[in-house]
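# Structure assessment
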Amino acid sequence: MCLDNPNFGRGGLSSHPNAERRARRSRPALVAICFVVFAQLSFAGVYDGPTTDAAFTQLLSDVDAKRVDLVAKMDEAEQAGHTTAYAQVSLATLDEYRNVIAIWDRENNQFIQDMYSARSFLGNRDPVGAEGVPFDELADCIELADAAIAELQRQIDGELILQAPPDFASGNTRVAGGRFERDGKAVIPSKFFWGKFQENLLQAYGRMGEQYMAVSDMESATTIREGRRTLLHSSIEDQVAANRLPLQTFLGHYVQPDSWARIEHPEVFERGGREFTDYDIDNPLVRQWIETLLDEMLGDQSARLGDSERIHMLSNEPNFAIRQGGRDASHGVSDLTMDKYGVWLQNKYTSITELNAVYGTSHADFASVKATYTIPLANSYRGGPVWYDWMRFNMDRVNEWFQFLNDEVKAVDPAGKTHIKLWGEGSIHQDFVDEGIDIEYVVDLVDVPGTDNQMSSSTAHYNTRRNLDWQDRWILEWRTQAIMLDFVKSLAPNKPFFDSEWHGLSGGRWLDFHLPPEFVKAGLWLAGTNGLNAMNAWLWNRRSDGSVRASVYLATSDFQPIQMDAFGRAFKELNAHGNAVDSVVPSERYHIIYYSQDSAIQDGQYPENLIDVYEALKILNVPVGFTTPKRLGSVSIESQTLIVPSTAYVSDADFAGIQAFAQAGGRVVLVDPDNCFARTELGALREGELGFTPFGELELGEVLGMADSFGSLLQSVIPELPVQLTVEDENANPAYGVLLTQDQEASVGRRTFSLINVSQGLRSVEVELSSGDGDEVVLVDLLTGREYGENFTMDPYEVLLLREQGTSAWQALVEQHGLSGDLAADFDADGVVDFEEYAFGGDPVDPLVRGHRPRTQINEDGSITFTFVRPSHNRWDIDYVAQWTEDIEAGVWTSDWEVQSSSPSAYEGLEVSSHKVTDGEIELILFRVKLENVE
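Criteria and cut-off values
Residues numbered from 1 in each chain as written. Predicted model: local features only at pLDDT ≥ 70, side-chain atom pairs only at ≥ 80, totals over all residues. Heavy atoms only, no water. Helix = DSSP H or I, 4+ residues; strand = E, 2+ residues; numbered from the N terminus. Rg over C-alpha atoms; globule rule 2.2 N^0.38 Å. Buried < 20%, exposed > 50% of the residue type's maximum accessible area, 1.4 Å probe, protein only. Contact = heavy atoms within 4.5 Å. Areas by Shrake-Rupley, 256 points an atom, 1.4 Å probe, with all protein chains shown as cover. Salt bridge = Lys/Arg side-chain N within 4 Å of Asp/Glu carboxyl O. Arc of directions from axis to C-beta. Phe/Tyr/Trp six-rings, centres within 6.5 Å; stacked < 30°, edge-to-face > 60°. Lys NZ or Arg CZ within 6 Å of the ring centre and 35° of its normal. Core = buried A, V, L, I, M, F, W, Y, C linked by side-chain atoms within 4.5 Å. Expected span 1.5 Å × (residues − 1). Pairing = 2+ DSSP bridges. Axes fitted to C-alpha atoms, helices over the stretch in contact; angles between N-to-C directions. Parallel < 35°, antiparallel > 145°, perpendicular 65-115°, else oblique. Left-handed = near helix turned anticlockwise from the far one by under 90°. Nonpolar A, V, L, I, M, F, W, Y, C, P; charged D, E, K, R; others polar. pLDDT = per-residue confidence, 0-100. UniProt positions renumbered as here; feature names shortened; annotations may be inferred. Polar contact = N/O pair within 3.5 Å; in protein donor to acceptor, adjacent residues only side chain to side chain. Right-handed = clockwise from strand over helix to strand, strands pointing away.

## A few points about the overall build of the chain
Of regular secondary structure, the chain possesses 27 helices and 34 strands. Relative to the compact-globule value of 30 Å for 935 residues, the chain shows a C-alpha radius of gyration of 29 Å, a close match. Dimensions of the chain, computed from C-alpha atoms along their principal axes, come out at roughly 90 × 80 × 70 Å. For the chain, buried positions account for 60% of its 935 residues. Long-range contacts, defined as pairs at least 24 residues apart, comprise 75% of the intrachain contacts of the chain with a sequence gap of at least 6. As displayed, the chain offers around 35,600 Å² of accessible surface, 47% of which is attributable to carbon and sulfur atoms.

## Here's the deal with the pattern of salt bridges
A complete count under the given rule lists 55 salt bridges for this structure. Among the salt bridges present, the one from Glu-400 reaches Lys-340, with a minimum N-O distance of 3.9 Å. Taken together, the residues Glu-400 in helix α16 (residues 385-412) and Lys-340 in helix α13 (residues 335-348) connect sequence positions 60 residues apart. Accessibility expressed as a relative area gives 29% for Lys-340, which makes it partly exposed.

## Focus: helix α4 (residues 109-118)
Listing the buried residues of α4 in full gives Asn-109, Ile-112, Met-115 and Tyr-116. Looking down the long axis of α4, one finds its buried residues gathered within 110° of arc, a one-sided arrangement. Turned more than 90 degrees off the buried face of α4, the exposed positions are Ser-117 and Ala-118.

## Notes on the packing of aromatic side chains
The final tally for this structure, using the stated rule, is 42 aromatic pairs. Between Tyr-788 and Phe-792 the ring centres are 5.1 Å apart and the planes differ by 70°, which places this aromatic pair in the edge-to-face class. Since its relative accessible area comes to 7%, Tyr-788 is described here as buried. Across the ring face of Phe-168, the terminal group of Arg-182 is positioned such that the distance to the ring centre comes to 4.9 Å.

## A few points about the nonpolar core
Core analysis: the largest hydrophobic core is formed by 163 residues, its most contacted members being Trp-289, Trp-390, Trp-401, Trp-478, Phe-567 and Phe-710. The greatest single-element share of this core, amounting to 14 residues, is contributed by α16. Filtering out sequence-adjacent residues up to four positions away, Phe-567 remains in contact with Lys-191, Phe-192, Tyr-205, Leu-505, Val-520, Leu-524, Met-535 and Ala-537.

## Brief notes about helix α6 (residues 129-156)
An ideal rise of 1.5 Å per residue puts 40 Å on 28 residues; α6 measures up with 39 Å between its terminal C-alpha atoms. Counted residue by residue, α6 has 21 buried out of 28 residues, so it is predominantly covered. Of the residues flanking the end of α6, it is Gly-158, one or two places downstream, whose phi is positive at about 80°.

## Here's the deal with the sheet that holds strand β29 (residues 855-858)
Strand order in the open sheet made by the 4 strands is β29-β30-β33-β32, with antiparallel pairing throughout. Pairing within the sheet leaves two strands with one partner each, and these edge strands are β29 and β32 (899-904). On average, each strand axis in the sheet is tilted by 25° relative to the strand beside it, whichever way the strands run. By the bridge criterion, 6 bridges tie β32 to strand β33 (residues 910-918) in an arrangement that is antiparallel. Looking across to β33, one finds that Ser-902 is bridged to Ser-913.

## Some details on the pairing of β33
Of the pairings in the sheet, the one linking strand β30 (residues 863-871) to β33 comprises 9 bridges and is antiparallel in character. In the sheet register, Ile-864 faces β33, and the bridge partner there is Val-917. Counting the residues in the hairpin turn of β32 and β33 gives 5 residues, including Gly-909, whose phi is positive at 80°.

## Brief notes about the sheet that holds strand β26 (residues 787-788)
Spatially, 5 strands are ordered β22-β23-β28-β25-β26 in an open sheet, and the strand pairing comes out antiparallel. Of all the strands in the sheet, the pair left with one neighbour each is β22 (738-742) and β26. Relative to strand β23 (residues 752-757), β22 runs antiparallel, the two being bridged by 5 bridges. Considered in β23, the bridge of Leu-740 is made with Leu-755. Contacts from helix α19 (residues 517-528) reach β22, β23 and β28 (799-804) within the one sheet, and its direction differs from that of β28 by about 50°.

## Concerning the packing of α4 against α6
Viewed as axis vectors pointing N to C, α4 and α6 meet at an angle of 125°, and their least axial separation amounts to 8 Å. If you check the angle between α4 and α6, you find them oblique. Between α4 and α6 the crossing geometry is right-handed. Facing Asn-109, Ile-112, Gln-113 and Tyr-116 of α4, the residues of α6 in contact are Gly-129, Ala-130, Glu-131, Val-133 and Pro-134. Looking at the contact of α4 with α6, its residues break down into 5 nonpolar, 3 polar and 1 charged.

## Quick look at the confidence of the model for the chain
Averaged over every residue, the pLDDT of the chain is 90; residues scoring 70 or more account for 93%. Of the regions scoring below 50 in pLDDT, residues 1-43 engages in 97 contacts with residues more than four places distant in sequence or in other chains.

## Side note on the UniProt feature "domain: Glycoside hydrolase family 42 N-terminal" (unreviewed entry) in the chain
Following the UniProt record, one finds the feature "domain: Glycoside hydrolase family 42 N-terminal" (unreviewed entry) at residues 330-546. In this annotation, residues 330-546 is assigned 41% helix and 14% strand; the end-to-end C-alpha distance for the span is 39 Å.

## Structural notes on unusual backbone geometry
Omega for the bond connecting Leu-245 with Pro-246 falls within 30 degrees of zero, at -5°, which places this linkage in the cis form. With respect to the helices, strands and loops of the structure, Pro-246 is situated in the loop between α8 (226-241) and β6 (247-251). Going from Trp-538 to Leu-539, the amide bond is cis rather than trans, its omega being 15°. Non-glycine residue Asn-243 carries a positive phi angle of around 60°. With respect to the helices, strands and loops of the structure, Asn-243 is situated in the loop between α8 and β6.

## Looking at the environment of Asp-743
Within the secondary structure, Asp-743 sits in the loop between β22 and β23. For the pair Asp-743 and Gly-273, spaced 470 residues apart in sequence, the C-alpha to C-alpha distance is 46 Å. A polar contact of 3.0 Å, which involves the side chain of Asp-743, links it to the backbone nitrogen of Glu-745.

## Some remarks on the environment of Phe-366
Within the secondary structure, Phe-366 sits in helix α15 (residues 366-372). Looking at Phe-366, the relative accessible area reads 12%, which means it is buried. For Phe-366 and Gly-342, which are 24 residues apart along the polypeptide, the C-alpha to C-alpha distance reads 6.4 Å. Among all residues touching Phe-366, those that are not within four sequence positions of it are Leu-345, Gln-346, Tyr-349, Ser-351, Ile-352 and Leu-355.

## What to know about the side chain of Glu-804
Positionally, Glu-804 belongs in strand β28. Only 3.4 Å separates the side chain of Glu-804 from the backbone nitrogen of Arg-750, close enough to count as a polar contact. Of the polar contacts made by the side chain of Glu-804, one reaches the side chain of Arg-751; its length is 2.8 Å.

## Describing the pairing of strand β19 (residues 667-671)
Of all 5 residues making up β19, 5 are buried, and the element is well covered by its neighbours. Because side chains alternate across β19, one face comprises the buried residues Arg-667, Val-669 and Val-671, and the other comprises Val-668 and Leu-670, equally buried. Taken together, strand β18 (residues 641-644), helix α24 (residues 652-663) and β19 constitute a β-α-β crossover, and its handedness is right-handed. Across 3 bridges, β19 lies against strand β20 (residues 696-698) in parallel orientation. Bridged to Val-671 within β20 is Leu-698.

If you want it as structure tokens, here you go:
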């Protein structure tokens, strides 16, 4: 069904004082969406009115009037006791566009027109055109102000309950296991790439810090340009003072054309360089330069930053492609690299005779091999030993480069965390693995793994990303983001995932000039509920005066106020509910996909088949994970099922590992069984029997059909999950498209789960809670305070964070024993109040079981460990907040711990929670556990 109204935009435009002009704001490209029914979507409208000076002046006046209304409504809401943090995002966005960006775009419209003309294949797709850009920006400001005012009124009327988010302007945001924390609660710090250093914008969009350094900052092989050093150090001090934490250091590998390094050492740059890494990484001079740079620029980083959290990005989208047609592979490799290749071959093959036997060649010596197989390597070698050896050697040499960078950064800043930004589009789902990136090695190496994930909208004006068949099924492309989150979190659940250049708003391969705010929210919630822990979003393409930084980037966030507003608001939500969001990220995974690097190297179809299998499993709403040959031993025979996608190439050792897993009783499902294990990693045909009986076999097919097959096959072995869904489309037919993540450890009565509708139509949802008592289920959306029953409908893009409203263990204890319920009461008169006994493993009705009081211990290294005992099961009605202070009179307590951990206790049903802090010169330090009843 097509949208009938060609002027479709946000509702209520006809009531605006300038209705005749504003009614012409419309949503473009309706032909592209005629096959979809979009239920109740509030698209960012498109301005189609006059572009005269008078019209612009009137729009400015309209925005000013709307701002007055918004501020007045915010004051009213604050006086009524409601949070206005979300409306503050809208106000900051309105102010920036009205006072800076739209003004610049109007006064410099010829520049905008030149941008559009220079990339006319993109610019021609924007329905407002270059001339209409500043008008559209102001009209968007009116829309978002109207929406914010309406939201505030709903809060005041009691129709909407918004939770206040944390204020990142003070306190430290630290890595704590697999997440970031503030005051003991999970948060997701954020920022925009090149974001503006301005307080109201930091509050609106996130305040992570950033700094840049590169060999270009050196004035010789042994000295640093003093101006750059001074600028870096002053930037660090300014950002720490503004609490822009965690602070990211971007180690760039770009060297300007007129640099001393290029002039004095041209051989370093002649061959081997690639996009984002200009030099030959195998040249020892490069290592010397990097050592000097890090020592001089970061050598006193610890003193300047103290205990402030920082992340050092070692490499940006590293790419060392070597195949014909690969990114910059035409640059070749240096003689140094070829020499290393020769040594690598000699270490693998004991003689040239052995190599010839494997290769089917008659090389006279290893020098002949080097001379024959040069870079770029012909694609015709794929599937054979020459291809495999070059790809594996390339990974090994790049791994060694990454190890060097990691070690050097750690040497100068031991407290800093390390990160490598992997290219999201070039990760486990890309069709070639020739860029030298061993993803598993990188994930294991760095402290904070991550990628620059991509998403894209079904309404995009331009999209040349690979594998666009998702457009037949979903309203947004969620798969490539989700697969990398699940992959990395499967391999490293105790490391935070940092998306250091999120392309969920725009990218080089896709853009949307008027991105729906619902898309922004859904995309960020899909990230957060699947394991995202920090984000740097692409792109704030403006200088402080509003001027455009890089004219090649069209349709970026800074041209779209509604998009920016949605971004800031989504992060307010995610952080207001940080613990709940963190709790629904899978802690146990049951469908485990076997990732074979051998097949990824050799088989061009393997990545596409892999992502189809992943998608089919993911939409079943059973937690999906990954394993590798290295990690196969950790897969549970009892609770997990190994899914082997069409995996033609595996080494004998890896094949033996799968056989051993199956023979030990593990469940193995083969997809495309006739193709699985057909060849060795070098391409030789494998002889012999499979050696085990698969639990099941499936043929490759279209995604929804495979999902049906997987669902039937695996139904009997799925552990009982706290929450299960039945989903139907508008015609009451079984359907997919509502993605579920849930707290797998939640107690009955407090089960928490997230639902996001990624389908193209309305979905009817029925919720079934395990171990229910038959009573009516009451669910509350934590984002809005709205109550739901077991059955409800969801619009496309809709996000719900639902929690079961049940009786807590404390309430049950009060009712069972007739306690007063007063948290400060002492029913058994043993000197310990009831709620404290309940919290620390005591019994409020037995004076002989008083619980376990917190303890402190001074360690030999001068640090102090603070421990307390708590129930090991999930006691959802208490927040335990461990805190310390060195100034009891000021009353300033902090939850900023150096180390936090949990371990089993000697007492049944209890665990020990440990927190360590280094006291340094502190004369007196006090500790406490703040118990918060969260019913």
